[in-house]
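# Inside the fold
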Amino acid sequence: MELKDFKFGEHYTEEQIKGKANIISLPRFIIADSPSTRYWFEVDSDGQWHLIAFNDYDPKVLVRNLNPVLSEKPIEVGIVQPDDIKDVLVPGELGAMLELTVTDDKTGKIIEHRVMKSKSFLQQFIQLLYVKMALSPTSAPVSVRDTGNTLRNVAEVGKKGYTFDTTAAITDVTYGIIIGSDNGGVYPLAMDNYKIGTLIPNATMNYSAMLYGNPGGDAGTGISQITLTRNFTATAPTTVNEIALVCQAVDTTGTVRKFMIIRDLIAGGIAVPNGTTLTVNYRLQAQV
Amino acid sequence: MFKTILTLERFDEDMRLLEKRERESRSWLKHFFDEFYPMTSFTQLVTINDIGGVARTLAACGIMNNAGPYCNLQVVSSPGNTGLFVPISQVGGYDWNGATPYRGEDVGIVVGTNNGGASPLQDALLSKIAHGEIAGQLLYGGCELYGLTINVPGGTGQFSIRRYFTNVLGGAIAVAEVGLYSPGYNATDTCYVFCIHREVVAPAVTVNNGEILRVTITPQIAV
């Protein structure tokens, strides 16, 4: 049985539901994700599970398609507040969720909101993680390709501690979260990507400084995460087709270099009209 | 996509393989992100418990060329009961928590006997096996990193973290949890150790007298 085959008014066992991918288990609820839809199940006093709602991935729309039989029943929405509903990875996976929000700057209205799984950690990420975990000395550096297509010898140079720094300032398009217009036609997505395909300049989409959310963890969901955020304000209608995360690290000469560690293509692109702001959140997550 | 493979191999004293288990690892903890956070944000502070349950503030580098979270996420380590230092100065100085170096068995892969449930908020193994040669102890070898490989056509990349544990004179020991301990930078040229990964091993792997346990943790990425 696939998730789409679950029906309102039917009884199910926990095993029937949990055989699916991407499950969050709460004391009374199970949240199960198919590729396009999120399903909500609640257990009754007899231990039977019922489908109570399903919706798309927009966490602001929690109870669309609510089971009409249960609609009169008070729902403990406190359990399913948006902040509690994280877009999960497969249990055990460490990864990133990418959240895109387009907001009208005059009205504050959200025009578009998408949450998707970031798919593309690049070779520079695993190389720099190795440098950190091995405390690679300058006598045994790792050769990593920077955003200028030059191989750099990277090591943990004493007292620098620069590896993975993403603190780009306002208007800085060289690192932090950056955006582009290439949908993969110019620069196909691959493990060895080292730069964004076609950078959208600050003149077209005003880059804010990088922002950060404190590390958080939740024993109930088993999820821990940190959030990296950047805002882009359109000065002209723009379609964003790619998003990347670029960090800094120090090479063995003591020079700060830039390395792209994640690149995601946005299927269909995301339109950002003039006078609106695109907010990009990279949520680095793990689930136990 | 980022996943981690945990491999447990048990050998007799002649290094003949007796048992091997391999599966996806499940448990990167919040402290992994706590150690990553000061590095990526560069100016942010976070206060968390170290493996001793003591609250410590992790700091970021505020003054370039002066200090920084250089040791965060380090898991490479010397063998047990050897002093472990990290370099903090480009002119050859070494230190760790003042004049007191940590022991090798307190950084890198560690093992324990308690199979209590995993939580992302755990600060340490529930019952870490001590380094030593008497009953209930294991000899901790050095924790090494190797095998950094990138397969561009295949769209994969990985490296491995590995440590040997030897049961020298003790009775049988049931290893029921595996963890990764890593130092984090504490602003004043000191580091403290935090648990960034913990894995429940069920059923436990029993390491008998004279046997060797090899634990390998392999982070992998795929596009």
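Since the model is a prediction, treat every value here as computed from it, not as a measurement.

Below, the discussion takes up the overall build of chain A. When helices and strands are counted, chain A shows two helices and 15 strands. Classification of the 288 residues of chain A by burial places 44% in the buried group. Taking all contacts inside chain A whose residues are at least 6 apart in sequence as the whole, residues at least 24 apart take part in 62%.

A word on the overall build of chain B. For chain B, the count of helices and strands is one helix and 15 strands. A burial count over chain B gives 49% of its 223 residues as buried. The long-range share in chain B, meaning contacts at least 24 apart out of those at least 6 apart in sequence, stands at 65%.

Side chains of a nonpolar character, in soluble globular proteins, are inclined to be buried together. By size, the foremost hydrophobic cluster in this structure holds 112 residues, and its most contacted members are Phe125, Leu128, Tyr130, Met133 and Ile261 of chain A. In contact with Phe125 of chain A, not counting residues within four places along its chain, are Ile261 and Ile262 of chain A together with Ile221 of chain B. One finds Leu3, Ile30, Trp40 and Ile52 of chain A within the second-largest nonpolar core, a separate group that totals 13 residues.

Mapped onto the fold, Pro201 of chain A is located in the loop between strand S9 (176–180) and strand S10 (205–207). For Pro201 of chain A, a count of 11 C-beta atoms within 10 Å translates into the label exposed.

At the interface, 58 residues of chain B touch 50 residues of chain A. Looking at the side of chain B that touches chain A, the elements with two or more residues in it are strand S1 (2–11), helix H1 (30–41), strand S6 (86–87), strand S11 (144–151), strand S12 (156–166) and strand S15 (212–222) of chain B. Examining the composition of the side of chain B that touches chain A, we find that nine residues originate from one element, H1 of chain B, more than from any other.

Moving on, we come to the sheet that holds strand S14 (residues 191–207) of chain B. Strands pair in a sheet through their backbones, by hydrogen bonds, and they do so in one of two ways: parallel or antiparallel. All names here are of chain B. Read from one edge to the other, the open sheet built from three strands follows the order S9-S13-S14, with strand pairing classed as antiparallel. Only two strands of the sheet have a single partner each, and these edge strands are strand S9 (108–112) and S14. Across this sheet, the average inter-strand angle for adjacent strands is 25°, counted without regard to direction. The sheet contacts of H1 involve strand S13 (173–185) and S14, and relative to S14 the element is tilted by about 155°.

The subject of this paragraph is the confidence of the model for chain A. Residue and element names in this part refer to chain A. Here chain A averages 82 in pLDDT, and 80% of its residues register 70 or above. Averaged over each element, pLDDT in chain A is lowest for strand S1 (residues 23–25) (62) and highest for S9 (98). Segment residues 57–87: pLDDT under 50, and 38 contacts once partners within four positions in sequence are set aside and those in other chains are kept.

On to the sheet that holds strand S14 (residues 256–272) of chain A. Residue and element names in this part refer to chain A. Strand order in the open sheet formed by three strands is S9-S13-S14, and the pairing between neighbours is antiparallel. The open sheet terminates on both sides in strands that have one partner only, identified here as S9 and S14. Direction aside, the axes of adjacent strands within the sheet are offset by 25° on average. The pairing of S9 with strand S13 (residues 238–250) spans five bridges and is classified as antiparallel. Directly across from Ile179, in S13, lies its bridge partner Ile243. The sheet contacts of helix H2 (residues 123–134) involve S13 and S14, and relative to S14 the element is tilted by about 145°.

Here we take up the pairing of strand S3 (residues 46–49) of chain B. All names here are of chain B. Judged by which residues are buried, S3 turns out to be one-sided: Val46 and Ile48 face inward and are buried, whereas Thr47 and Asn49, on the alternate face, are not. In this structure, S3 lies alongside strand S4 (residues 55–58), joined through four bridges in antiparallel fashion. Bridge pairing in S4 links Val46 to Leu58. Connecting S3 to the next strand, S4, in antiparallel fashion are five residues, including Gly53 with a positive phi near 80°.

Moving on, we come to H1 of chain B. Residue and element names in this part refer to chain B. Taking 1.5 Å per residue, 12 residues should reach 16 Å; H1 reaches 16 Å between its end C-alpha atoms and fits that length. For H1, the buried fraction is high: 12 of the 12 residues fall into the buried class. Looking at H1, one finds that the buried residues are Lys30, His31, Phe32, Phe33, Asp34, Glu35, Phe36, Tyr37, Pro38, Met39, Thr40 and Ser41. Looking one or two residues beyond H1, the residue adopting positive phi is Phe42, at roughly 70°.

All names here are of chain A. Relative to the 16 Å expected for 12 residues at 1.5 Å per residue, H2 spans 16 Å between its end C-alpha atoms, a close match to the ideal helical length. Most of H2 sits inside the fold, with 12 of its 12 residues counted as buried. When we look at burial in H2, the residues that qualify are Gln123, Gln124, Phe125, Ile126, Gln127, Leu128, Leu129, Tyr130, Val131, Lys132, Met133 and Ala134. At the C-terminal side of H2, Leu135 shows a positive phi close to 50°.

Cis geometry marks the peptide bond from Ala202 of chain B to Pro203 of chain B; its omega dihedral reads -5°. In this structure, Pro203 of chain B sits in strand S14. The phi dihedral of Leu135 of chain A is positive, around 50°, even though this residue is not glycine. Residue position: Leu135 of chain A is located in the loop between H2 and strand S7 (142–145). Owing to 21 C-beta atoms within 10 Å, Leu135 of chain A belongs among the buried residues under this scheme. A positive phi is found at Thr171 of chain A, a non-glycine position, where the angle reads about 75°. Relative to the assigned elements, Thr171 of chain A resides in the loop between strand S8 (151–154) and S9.

Basis of the calculations
- Residues numbered from 1 in each chain as written.
- Chains lettered and ligands numbered in written order.
- Predicted model: local features only at pLDDT ≥ 70, side-chain atom pairs only at ≥ 80, totals over all residues.
- Helix = DSSP H or I, 4+ residues; strand = E, 2+ residues; numbered from the N terminus.
- Buried ≥ 20, exposed ≤ 12 C-beta atoms within 10 Å, placed from the backbone.
- Contact = placed C-beta atoms within 7 Å.
- Core = buried A, V, L, I, M, F, W, Y, C linked by C-beta atoms within 7 Å.
- Pairing = 2+ DSSP bridges.
- Axes fitted to C-alpha atoms, helices over the stretch in contact; angles between N-to-C directions.
- pLDDT = per-residue confidence, 0-100.
- Expected span 1.5 Å × (residues − 1).

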